[in-house]
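Okay, here's what each chain looks like letter by letter:
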Amino acid sequence: IHHVDVHARKAWLSGISPKKNRTLPPLQYDKAAQLVRDFPHLTFSLNGGICSLDEARAHLTRFQGVMI
């Protein structure tokens, strides 16, 4: 493994609709960033809640890639 795509939100598979699961539970970018620090030999792309190029640019200071 050389690259990992990280979704910053825990997926709930029951109890809420898929649409609601796009906003609940809260995003945990700090936990995703900890992976970057814990495994510096890997590259990480962040996914979850990124809706604009400005947000993507901001996340690229900590992650090697982002998904919109």
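Here's a quick rundown of the structure. Because the structure is predicted, anything quoted here is derived from the model rather than measured.

**Some details on the overall build of the protein chain**
- Helix and strand content of the protein chain: 2 helices and 3 strands.
- Per-residue burial over the protein chain gives 28% buried out of 68 residues.
- Here the analysis covers contacts within the protein chain between residues at least 6 apart in sequence; of these, 37% occur between residues at least 24 apart.
- Summed over all atoms, the accessible surface of the protein chain reaches about 4900 Å², with 59% contributed by carbon and sulfur.

**Some words on the environment of Ile 68**
- With respect to the helices and strands, Ile 68 occurs in the segment after β3 (65–66).
- Assessed through its relative accessible area of 66%, Ile 68 is described here as exposed.
- Between the C-alpha atom of Ile 68 and that of Ser 52, which follows or precedes it by 16 residues, the distance is 7.4 Å.
- Apart from residues lying up to four places away in sequence, Ile 68 is in contact with Ile 50, Ser 52, Leu 53 and Ala 56.

Calculation notes
Residues numbered from 1 in each chain as written. Predicted model: local features only at pLDDT ≥ 70, side-chain atom pairs only at ≥ 80, totals over all residues. Heavy atoms only, no water. Helix = DSSP H or I, 4+ residues; strand = E, 2+ residues; numbered from the N terminus. Buried < 20%, exposed > 50% of the residue type's maximum accessible area, 1.4 Å probe, protein only. Contact = heavy atoms within 4.5 Å. Areas by Shrake-Rupley, 256 points an atom, 1.4 Å probe, with all protein chains shown as cover.

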